[in-house]
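Chains, contacts and geometry: an overview
Here is how the chains run, residue by residue.
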Amino acid sequence: LCIVRGLIGIVGATFVGCQFWCTLMFEKEIAGTMNAIAGGWGNLGGGLTQAIMVGIYAMNTSSPDCDAECGWRNAFYIPAFALMLFSILVYAFGDDCPQGTYVPPVDTSSNSGTKKASAADVAKNWNVWVLVLQYAVCFGMELHVNNTI
């Protein structure tokens, strides 16, 4: 159970990347608004999950062949499938920006000293990992509190 909660915390920590993505995707005048909207949708998803998982659990335990432990374990198959499906769809069909594939403007007058950023560069930045770890722990605690309530 600890490993599952840890993995869920990592999925929740993708919120940090989402906020960074929104900041890059939109002009600075509306980036804060878009971050708030994205965060709000994320919180809505968390709230709906709290309600839907209970419904799935109740549906599973209504079967005479499924006890409480079976119902709880089987309840995780639906969101796991949905997470995998939608991650594949976003990867396959998601655009880099509202206008399509993002191509940054290139200043042809001076190309000296420029470096193209990559995911590897981001992964090497320890500040990114501090934020991801901080949010993963925070999200894991949020899950624990929600389960206790």
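Up top you'll find the structure we're talking about.
Cut-offs used in this document
Numbers given for residues are sequential positions, taken from 1 along each chain in its written order. The predicted nature of this model means local features are confined to residues of pLDDT at least 70 and side-chain atom pairs, given and counted, to a pLDDT of 80 or more, with totals for whole chains, interfaces and linings taken over all residues. Here the side-chain values reflect all heavy atoms present in the structure, with hydrogen atoms and water set aside. Every helix listed is a DSSP run of H or I at least four residues long, and every strand listed is a run of E at least two residues long, numbered separately from the N terminus. Exposure classes here rest on a 1.4 Å probe applied to the protein chains alone. A residue is buried below 20% of its type maximum, exposed above 50%, and partly exposed in between. Throughout, a contact is declared for two residues whenever any of their heavy atoms are within 4.5 Å. Under the convention used here, a 1.4 Å probe and the Shrake-Rupley method define accessible areas, while residue burial counts only the protein chains that appear. Here an angle of 0 to 180 degrees is reported between the N-to-C directions of two axes, which are lines fitted to C-alpha atoms, with helices fitted over the stretch in contact. Each angle receives one of four descriptions, namely roughly parallel if under 35 degrees, roughly antiparallel if over 145, roughly perpendicular if within 65 to 115, and oblique otherwise. Note on convention: the crossing is left-handed when the near helix lies turned anticlockwise from the far helix by less than a right angle, right-handed when the turn is clockwise. Residues are sorted three ways: Asp, Glu, Lys and Arg are charged, Ala, Val, Leu, Ile, Met, Phe, Trp, Tyr, Cys and Pro are nonpolar, and all the rest, Gly among them, are polar. Exposure above 30% relative accessible area and no salt bridge define the residues that can form patches, which grow by joining like charges within 9 Å and nonpolar side chains of Val, Leu, Ile, Met, Phe, Trp and Tyr within 5 Å. Put simply, a salt bridge is a Lys or Arg side-chain nitrogen that is within 4 Å of an Asp or Glu carboxyl oxygen. By convention, a stacked pair of Phe, Tyr or Trp rings (six-membered ring in the case of Trp) has centres within 6.5 Å and planes under 30 degrees apart, an edge-to-face pair has planes over 60 apart, and any other such pair is tilted. The disulfide definition used here is simple: a pair of cysteine sulfur atoms within 2.5 Å. A helix is expected to span 1.5 Å for every residue after the first. Any pair of N or O atoms that falls within 3.5 Å is considered a polar contact. Within protein, one atom must be able to donate a hydrogen and the other to accept it, and sequence-neighbouring residues count only if both atoms are side-chain atoms.

**A few points about the overall build of the protein chain**
Along the backbone of the protein chain there are 6 helices and 0 strands. Ordering the α and β elements of the protein chain from the N terminus gives α-α-α-α-α-α. Across the 149 residues in the protein chain, those meeting the buried criterion constitute 13%. In the protein chain, the share of contacts with a sequence separation of at least 24, taken over all contacts with a separation of at least 6, comes to 46%. Accessible surface, the protein chain as shown: approximately 11,800 Å² in total, 70% of it carbon and sulfur.

**Some words on the packing of helix α2 (residues 31–61) against helix α3 (residues 68–75)**
Two numbers describe how α2 lies on α3: the axes approach to 8 Å, and their chain directions differ by 135°. One finds that α2 runs oblique with respect to α3. Classified by chirality, the crossing of α3 by α2 is right-handed. On the side of α2, the interface is formed by M53, I56, Y57, N60 and T61, while α3 contributes A68, G71, W72, N74 and A75. Looking at side-chain class alone, the contact of α2 with α3 contains 6 nonpolar, 4 polar and no charged residues.

**Re a nonpolar patch on the surface**
A cluster of nonpolar side chains, namely I37, W41, L44, L48 and I52, defines an oily patch on the protein surface of about 510 Å² accessible area. Position of L44 among the secondary structure elements: in helix α2. The partly exposed category is assigned to L44, whose relative accessible area is 40%.

**Details of the packing of aromatic side chains**
For the structure on display, the rule yields 2 aromatic pairs. Ring centres of W72 and F76 lie 5.2 Å apart, and the angle between their planes is 85°; this geometry places the pair in the edge-to-face category. A network of ring pairs unites the aromatic residues Y57, W72 and F76 as a single cluster.

**Points about the pattern of salt bridges**
Applying the stated criterion across every chain, the model contains 1 salt bridge. The closest approach of N and O atoms between E69 and R73, which form a salt bridge, is 3.1 Å. Residue E69 and its partner R73 are located together in helix α3, separated by 4 residues, close to a single helical turn.

**With respect to the state of the cysteines**
Cysteine pairs can be linked by a disulfide, which is a covalent bond between their two sulfur atoms. Per the counting criterion, the structure on display carries 1 disulfide. Through a disulfide, C66 is tied to C70; the S-S separation comes to 2.4 Å. The chirality of the disulfide connecting C66 with C70 is left-handed, given an S-S dihedral of about -105°. With relative accessibility at 10%, the residue C66 sits in the buried group. Residue class for C70 comes out partly exposed when judged on its relative accessible area of 25%.

**Some words on helix α4 (residues 77–93)**
Within an α-helix, residues lying three or four positions from one another point in the same direction, as the helix has 3.6 residues per turn. A rise of 1.5 Å per residue sets the reference length of α4, with its 17 residues, at 24 Å; its end C-alpha atoms lie 24 Å apart and thus fit the reference within 8%. Of all 17 residues that make up α4, 0 are buried, and the element is exposed over most of its length.

**Some remarks on the side chain of N35**
Following the sequence through the fold, N35 ends up in helix α2. Overall, N35 belongs to the buried group, its relative accessible area being 15%. Within the structure, the side chain of N35 is placed 3.2 Å from the side chain of T23, a separation counted as a polar contact.

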